[in-house]
Amino acid sequence: MGLKEEDLLKRNLKGIAKKLKKVEVCILGLGGLGSNVAILLARAGIGSLKLVDFDTVEASNLNRQQYRISHIGLKKTEAMKTIIKEINPFVEVETLDIKVNRENIHSIVGDIEIVVEAFDRAETKAMTLEELLAKKNKIVVSASGMAGLGSANEIITRKIKDNFYLIGDNYSDYEEYSGIMSTRVMLCAAHQANMVLRLILGEKGE
């Protein structure tokens, strides 16, 4: 029996499949945030994903990222594409095994409107926001502030400006709390994915 896309998505909200199928989202970084956002969007039935990361899977990633022991040593782009195809083979997945910098970010993102910023390093986050938010045709969904083990209710989505949404608790960082756990990372990733879906479906509010 052949697998049908509608069978995978029949529990989704009615009337959204065609809208999601037309959209491509770029995810910059496939760590704790990006790997989880990619899986959530694939499950929702997103049409296309452009996945960007230069790193390989390490054992220490497994406490919060969507990889398995069998993926250790593989490129994150390769591992994530394999995982997505096992969940929803109807998603078109493009991967770029490259380190994002100020010189290449615009060519990487191209004409994709919605970008998920999912980097670990503060300076790379700052560069991404500075470069992409200057473009009025880009919408960036970012996250920061998810370390420690504080209340889940502290994680919120804030609309900073018309093309910038920021998720987090607004205070915690990795250095202060000396650790980062799957629960709060996945909360932030779920907020990011949910905001992406709302943007696609025309809900511009928080």
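Rules of the game
- Numbering of residues starts from 1 in every chain and runs along the sequence as written.
- pLDDT decides what is reported in this predicted model: residues at 70 or higher carry local features, side-chain atom pairs at 80 or more are listed and counted, and totals for whole chains, interfaces and linings draw on all residues regardless.
- With hydrogens and water set aside, each side-chain value is computed from the structure's full complement of heavy atoms.
- Secondary structure elements follow DSSP: runs of H or I no shorter than four residues count as helices, runs of E no shorter than two count as strands, and numbering proceeds from the N terminus.
- The globule rule used here is 2.2 Å times the number of residues to the 0.38 power, and the radius of gyration it is set against is calculated over C-alpha atoms.
- Exposed residues in this analysis have more than 50% of their type's maximum accessible area, buried residues have under 20%, and partly exposed residues fall in between, with area computed by a 1.4 Å probe over protein chains only.
- The contact criterion used throughout is that any non-hydrogen atoms of two residues lie within 4.5 Å.
- Only the protein chains shown count as cover for residues, with accessible areas throughout obtained via the Shrake-Rupley method and a probe of 1.4 Å.
- Angles run from 0 to 180 degrees between N-to-C directions of axes, and those axes are lines fitted to C-alpha atoms, restricted for helices to the stretch in contact.
- The cut-offs work like this: below 35 degrees is roughly parallel, past 145 is roughly antiparallel, 65 to 115 is roughly perpendicular, and the gaps in between are oblique.
- Handedness of a crossing is defined here by the sense of rotation of the near helix relative to the far one, left-handed for an anticlockwise turn of less than a right angle and right-handed for a clockwise turn.
- Charged means Asp, Glu, Lys or Arg here, nonpolar means Ala, Val, Leu, Ile, Met, Phe, Trp, Tyr, Cys or Pro, and polar covers whatever is left, Gly included.
- For two strands to pair, DSSP has to find at least two bridges joining them.
- Note on handedness: a clockwise path from strand one over the helix to strand two, with the strands aimed away from the viewer, defines a right-handed crossover.
- What is meant by a nonpolar core is a set of buried Ala, Val, Leu, Ile, Met, Phe, Trp, Tyr and Cys residues, joined one to another through side-chain atoms within 4.5 Å.

Per an unreviewed UniProt entry, the chain goes by the name Thiamine biosynthesis protein ThiF and belongs to Fusobacterium nucleatum subsp. polymorphum.

Caption draft 1: Just the overall build of the chain, in detail. Counting its regular elements, the chain contains eight helices and seven strands. On C-alpha atoms alone, the chain measures out to a radius of gyration of 16 Å, which is about the 17 Å that the 2.2 N^0.38 rule sets for 206 residues. Viewed in the frame of its principal axes, the chain has a C-alpha envelope of about 50 × 40 × 40 Å. A buried classification covers 49% of the 206 residues belonging to the chain. Taking the intrachain contacts of the chain between residues at least 6 apart in sequence as the baseline, contacts between residues at least 24 apart amount to 69%. Here the chain has roughly 10,600 Å² of accessible surface; of this, 52% comes from carbon and sulfur atoms.

Caption draft 2: Here's a closer look at the packing of helix H3 (residues 32-44) against helix H4 (residues 76-87). Where H3 contacts H4, the two axes come as close as 10 Å, and the packing angle between them is 25°. Classified by the angle their axes make, H3 and H4 are roughly parallel. In this structure, H3 crosses over H4, and the sense of that crossing is right-handed. The residues of H4 that touch H3, namely those facing Ser35, Ala38, Ile39, Ala42 and Arg43, are Met80, Ile83, Ile84 and Ile87. Tallied by class, the residues present in the contact of H3 with H4 amount to seven nonpolar, one polar and one charged.

Caption draft 3: Inspection of the pairing of strand E5 (residues 139-143) at higher detail. Among the five residues that make up E5, five are buried, leaving the element largely enclosed by the rest of the structure. Residues Ile139, Val141 and Ala143 line one face of E5 and the alternating positions Val140 and Ser142 line the opposite face, and both faces are buried. For strand E4 (residues 114-117) and E5, the ladder comprises three bridges, and the chain directions are parallel. Of the residues in E5, the one forming a bridge with valine 115 is valine 140. Handedness of the β-α-β unit built from E4, helix H6 (residues 122-132) and E5 comes out right-handed. Looking at chain direction, E5 and strand E7 (residues 164-168) are connected through four bridges and run parallel. Opposite valine 141, over in E7, you have tyrosine 165 as the bridge partner.

Caption draft 4: View of H6. For H6, the full list of buried residues reads Thr124, Lys125, Met127, Thr128, Leu129, Glu131 and Leu132. For H6, the elements touching its buried residues are strand E1 (24-28), H3, helix H5 (105-109), E4, E5 and E7.

Caption draft 5: Summary view of the nonpolar core. Ranked by internal contacts, the top residues of the largest apolar core, which has 44 residues, are Val25, Ile27, Leu41, Leu49, Leu51, Met80 and Ile84. Residue contributions to this core peak at nine residues, all from helix H8 (residues 182-200). Not counting residues within four places of it along the chain, the set of residues in contact with valine 25 comprises Leu41, Ile46, Ser48, Leu49, Lys50, Ile112, Ile114, Val116, Val196 and Ile200. Core analysis: the next-biggest nonpolar cluster, separate from the first, contains 17 residues, Leu28, Ile108, Leu129 and Val140 among them.

Caption draft 6: Structural detail: the environment of valine 140. Mapped onto the fold, valine 140 is located in strand E5. Valine 140 sits in the buried class, given a relative accessible area of 0%. Among residues more than four places away in sequence, those in contact with valine 140 are Val115, Glu117, Leu129, Leu132, Leu133, Asn163, Phe164 and Tyr165.

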